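Summary of structural features
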Amino acid sequence: ESFYAEANEFLGGAATGMGEKEIAMTVYHNITTRVKYDYDILRAGYVPAYHPSYRAYHEHTGICSAFARTYAQMLTQPSCARPICAARSWGTHGS
């Protein structure tokens, strides 16, 4: 499937006239139901050299950065506020 088709799937349901919160919630739901967390990459400590959003769009998998970047990219389309906050976690969940 093409990038644009995938992007449109992530934006599905976000409509003109909706508030930013409602759009943000719709896009978040669409991404999190279509993209599965890639625990294998996380366990291996491997972060893809290419942009992590690629995996979300084309392979429907990703780690935290893929979700965050894809979400931020999708929110640019309906002009929603889109700060990204990221950190590394190497404790019980990140190791």
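Keep in mind that what you see is a predicted model, and the values were worked out from it rather than measured.

Moving on, we come to the packing of aromatic side chains. Inspection of every chain in the model, using the stated rule, returns 4 aromatic pairs. Between the aromatic rings of Phe10 and Tyr57, the centroid separation amounts to 5.6 Å while the plane-to-plane angle is 45 degrees, which identifies the pairing as tilted. Here Tyr57 lies in helix H4 (residues 53–59) and Phe10 lies in helix H1 (residues 3–11), a separation of 47 residues in the sequence. With relative accessibility at 4%, the residue Tyr57 sits in the buried group.

Let us look at the pattern of salt bridges. Applying the stated criterion across every chain, the model contains 5 salt bridges. With a closest N to O distance of 2.8 Å, Glu6 and Arg34 form a salt bridge. Pair noted here: Glu6 is in helix H1 and Arg34 is in helix H2 (residues 20–34), with a separation of 28 residues, a long-range link. The class of Arg34 is partly exposed, set by a relative accessible area of 24%. Here Arg55 ties to Glu59 by a salt bridge, and the two come within 3.2 Å at their closest N and O atoms. Highlighted residues: Arg55 and Glu59, both in helix H4, separated by 4 residues, approximately one helical turn. Classification of Glu59 by relative accessible area gives partly exposed; the value is 38%. Here the salt bridges share partners, and the residues they tie into one network are Glu6, Glu9 and Arg34.

In this section: the environment of Gly62. Here Gly62 shows up in strand S2 (residues 61–62). For Gly62, a relative accessible area of 1% puts it in the buried group. Sequence separation between Gly62 and Asp40 is 22 residues; the distance between their C-alpha atoms is 9.9 Å. In this view, Gly62 contacts Val35, Lys36, Tyr37, Asp38 and Phe67; residues no more than four positions away in its chain are not counted.

The rules behind each value
- Per-chain numbering applies: the sequence of each chain, read as written, is numbered from 1 onward.
- Restriction of local features to residues with pLDDT of at least 70 applies here, the model being predicted, together with a cutoff of 80 or more for giving and counting side-chain atom pairs; totals for whole chains, interfaces and linings are based on all residues.
- Based on all heavy atoms of the structure, the side-chain values leave hydrogens and waters out of the count.
- Ring pairs are drawn from Phe, Tyr and Trp, using the six-membered ring of Trp, whenever the two centres fall within 6.5 Å, and their geometry is named by plane angle: stacked under 30 degrees, edge-to-face over 60, tilted for the rest.
- Put simply, DSSP H or I for four residues or longer makes a helix, DSSP E for two residues or longer makes a strand, and each gets a number counted from the N terminus.
- Partly exposed describes any residue whose relative accessible area lies between the buried limit of under 20% and the exposed limit of over 50%, with all areas from a 1.4 Å probe on protein chains only and scaled to the type maximum.
- When a carboxyl oxygen of Asp or Glu lies within 4 Å of a side-chain nitrogen of Lys or Arg, that pair is called a salt bridge.
- When checking whether two residues touch, look at their non-hydrogen atoms; a contact exists if any pair is within 4.5 Å.

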